[in-house]
Amino acid sequence: MVSRSFAIVGAGFSGAVVARQMAEAGHTATVYDTRPHVAGNCFTARDETDVMVHVYGPHIFHTQHQHVWDYINRFGEMMPYRHTVRAMVGDTMYRMPMNLTLINDFFGTQFTPEEAEAFVTSKADATITNPVSFEDQALRFVGRELYEAFFAGYTKKQWGVDPTELPASILARLPLRFTADDSYFNHPFQAIPRNGYTPIVQAILDHPNITVHLNTRFNKSQSGSFDHVVWTGPIDAYFNFEHGRLGYRTLDFVKEVHDGDFQGCPVLNYCDVEVPYTRITEHKHFAPWETHEQTVTYREYSRLCEENDTPYYPIRLVEEKDQLLNYVQRARDERNVTFLGRLGTYRYLDMDVTIHEALQAASGMLSAMADGSDIPSFFTDPIGVA
Ligand code: FAD
Ligand code: UDP
């Protein structure tokens, strides 16, 4: 086998997993990241309180993929963690997601599961058969009262546009249950690493065939020094923003340190549009196996991402999708570069999907090399998927 050289742009989960797979197959991987640390947006670090802080926002690992679960467990200890979210509407705190307790608390009822289901079905708008927008989906899903209380204000703050302009797929992430189960996720595997995500990504990158350069921006002009480039940075940056900047939402985190316990739960959403922030996260509750005298909170404010901000949530409305199409067409004409990950395919990807797609891309690259064909620019079509 001929050993090939790979430049991997980005040391988040996408870049680290691809680098590892290539290294284990006998190739060399040189990984670049502009940041001073690995793990991309999943970076965690203890601060002066000793609490493990999820520096770019809280990250809970959850998946239905056994192979992804097995993969992450190779590189660090995952602690069982069941995520719950509370939501403030007016002065009342509710248990998200939509479940029997929330429905009874909100309507002041004492429904059984069957009664709650019949009641919500009577509220839901059955005339909406093909929900296109977030609002359609919510009205069809839970009806107007629950939509206006829990979704309309929060969504306007989070996305900066009216829910009638957003795709239905955003809401499809949340469950609706008629039991008292208030787990935020349905997936069979849910966990948080005992020592945070950073050591896990460091362990993935710890291989003799991998070299990591932090604080180092990779420029396209360096591509000629490698057989192949895997680009997990923003796809529009690769093309010098020639078709305009793809829109993202960014978050401002206002950090506070308090004594004791601030809110008694990891995430408290503020659904009213008048409250300027979307949620407060309290990081020590993401490590319930630890005890701390102090506590660290992040108050999250969402706004449009400007040139020097961290891009968090791809907006992907009609206008951005048109722009994206231009970049994808350009990317398909490039040789010796593969676009991957959250920024490389301009999609909101959970960590497990990121790992799954990185494993798929690595195995696709190895197969292409084995049969002498060109390595594709994408292994997932960024246009056709949410
Ligand atoms: P990233 O982590 O963004 O890594 C890309 C890296 O590329 C960055 O470090 C960047 O510095 C680097 N880079 C870019 N351009 C260059 C360049 N030219 N040269 C060198 N380096 C470059 N997922 C979950 O599963 N559970 C959660 O609870 C969860 N919570 C989230 C909360 C928030 C607020 C956000 C925004 C995301 C959340 N996610 C969550 C998603 C998770 O963050 C992503 O799945 C994951 O970060 C994607 O990894 P990635 O490697 O594709 O991208
Ligand atoms: N959402 C909402 N109210 C809530 C929680 C979520 O309106 O209390 C909407 C909002 O539009 C959000 C989407 O549902 O963007 C997905 O929620 P999720 O909790 O998955 O968002 P994330 O944690 O990814 O920011």
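Just above, that's the structure.
Computed from a predicted model, the values in this text were never measured in an experiment.

What counts, and at which threshold
Counting of residues starts from 1 at the beginning of each chain's written sequence and follows it residue by residue. All chains are assigned letters beginning with A, and all ligands numbers beginning with 1, in the order in which they are written. Restriction of local features to residues with pLDDT of at least 70 applies here, the model being predicted, together with a cutoff of 80 or more for giving and counting side-chain atom pairs; totals for whole chains, interfaces and linings are based on all residues. Values shown for side chains rest on all heavy atoms present in the structure; no hydrogens or waters enter the calculation. Working definition: residue near molecule or strand if any one of its non-hydrogen atoms lies within 4 Å of it. Within 3.5 Å is the distance limit for a polar contact, defined as a pair of N or O atoms, with the added protein rule that one can donate a hydrogen and the other accept it, and that residues adjacent in sequence qualify only through two side-chain atoms. For the area figures, the Shrake-Rupley method with a 1.4 Å probe applies, and any residue is considered shielded solely by the protein chains shown. Secondary structure elements are taken from DSSP: a helix is a run of H or I of four residues or more, a strand is a run of E of two residues or more, and numbering for both begins at the N terminus. Salt bridge, as used here: a side-chain nitrogen of Lys or Arg that lies within 4 Å of a carboxyl oxygen of Asp or Glu. Note on classification: 1.4 Å probe, protein chains only; a residue is buried when its accessible area is under 20% of the maximum for its type, exposed when over 50%, partly exposed between these limits. Here an axis means a line fitted to C-alpha atoms, over the contact stretch when the element is a helix, while the angle between two N-to-C directions is reported on a 0 to 180 degree scale. Each angle is binned into one of four classes, with values under 35 degrees roughly parallel, values over 145 roughly antiparallel, values of 65 to 115 roughly perpendicular, and all other values oblique. Residue contacts are counted whenever heavy atoms from the two residues lie within 4.5 Å of one another. Classification convention: Asp, Glu, Lys, Arg as charged; Ala, Val, Leu, Ile, Met, Phe, Trp, Tyr, Cys, Pro as nonpolar; all other residues, Gly among them, as polar. Pairing of aromatic side chains here covers Phe, Tyr and the six-membered ring of Trp, requires ring centres within 6.5 Å, and sorts the geometry by plane angle: under 30 degrees stacked, over 60 edge-to-face, intermediate tilted. Over a ring means this: the NZ of a Lys or the CZ of an Arg is within 6 Å of the ring centre and within 35 degrees of the ring normal.

Caption draft 1: Up close: the site of ligand 2. As a structural note, the neighbourhood of ligand 2 is formed by 17 residues, with F150, T155, Y184, N269 and Y313 the closest of them. A distance of 2.8 Å separates an oxygen atom of ligand 2 from a polar side-chain atom of T155. Between ligand 2 and Y348, the relevant distance is 3.1 Å, taken from an oxygen atom to a side-chain nitrogen or oxygen of the residue. Taken by itself ligand 2 offers 520 Å² of open surface, and the protein chains cover 93% of this. The element best represented in the shell around ligand 2 is helix α6 (residues 144–159), accounting for 6 residues.

Caption draft 2: Examining the pattern of salt bridges more closely. All chains considered together, the criterion is met by 22 salt bridges. Put simply, D182 and R86 hold a salt bridge, and the shortest N to O gap is 3.3 Å. Remark: R86 occurs in strand β7 (residues 85–89) and D182 occurs in the loop between α6 and β9 (189–193); sequence separation between them is 96 residues. There is no split in this pair, since D182 and R86 are both buried. Measuring nitrogen to oxygen at the nearest pair gives 3.6 Å for the salt bridge that ties E307 to R245. Highlighted residues: E307 in the loop between β15 (294–304) and β16 (313–314) and R245 in the loop between α8 (235–238) and β12 (248–259), separated in sequence by 62 residues.

Caption draft 3: Representation of the packing of helix α3 (residues 100–107) against α6. The interhelical angle for the contact between α3 and α6, taken along N-to-C directions, is 100 degrees, at an axis separation of 12 Å. The angle between α3 and α6 falls in the class roughly perpendicular. Residues L102, F106 and F107 of α3 form the contact with α6, whose own contacting residues are E145, L146, A149 and F150. Of the residues that constitute the contact of α3 with α6, the class distribution is 6 nonpolar, no polar and 1 charged.

Caption draft 4: Geometry of the packing of aromatic side chains. Taken as a whole, this structure holds 31 aromatic pairs when the rule is applied. Plain terms: the ring middles of Y248 and Y346 are 5.1 Å apart, the flat faces sit at 85 degrees to each other, and that makes the pair edge-to-face. One end of the pair, Y248, is in strand β12; the other, Y346, is in the loop between α10 (341–344) and α11 (351–370), with 98 residues separating them in the sequence. For the pair shown, Y248 and Y346 are each scored as buried. The residue whose ring lies beneath R35 is Y56, and the NZ or CZ to ring-centre distance is 4.2 Å.

Caption draft 5: Broad picture of the site of ligand 1. For ligand 1, the set of nearby residues contains 34 residues, the closest of which are S14, D33, H59, L349 and M351. One of the side-chain N or O atoms of S14 is found 2.7 Å from an oxygen atom in ligand 1. With respect to ligand 1, the backbone of L349 contributes an N or O atom lying 2.5 Å from an oxygen atom. Relative to its unbound accessible area of 1,000 Å², ligand 1 is 96% covered by the protein chains. Elements supplying a minimum of two residues to the shell around ligand 1: α1 (13–24), α10 and α11. In terms of residue count, α10 provides more of the shell around ligand 1 than any other element does, 3 residues in total. A class-by-class count of the residues in the shell around ligand 1 yields 17 nonpolar, 12 polar and 5 charged.

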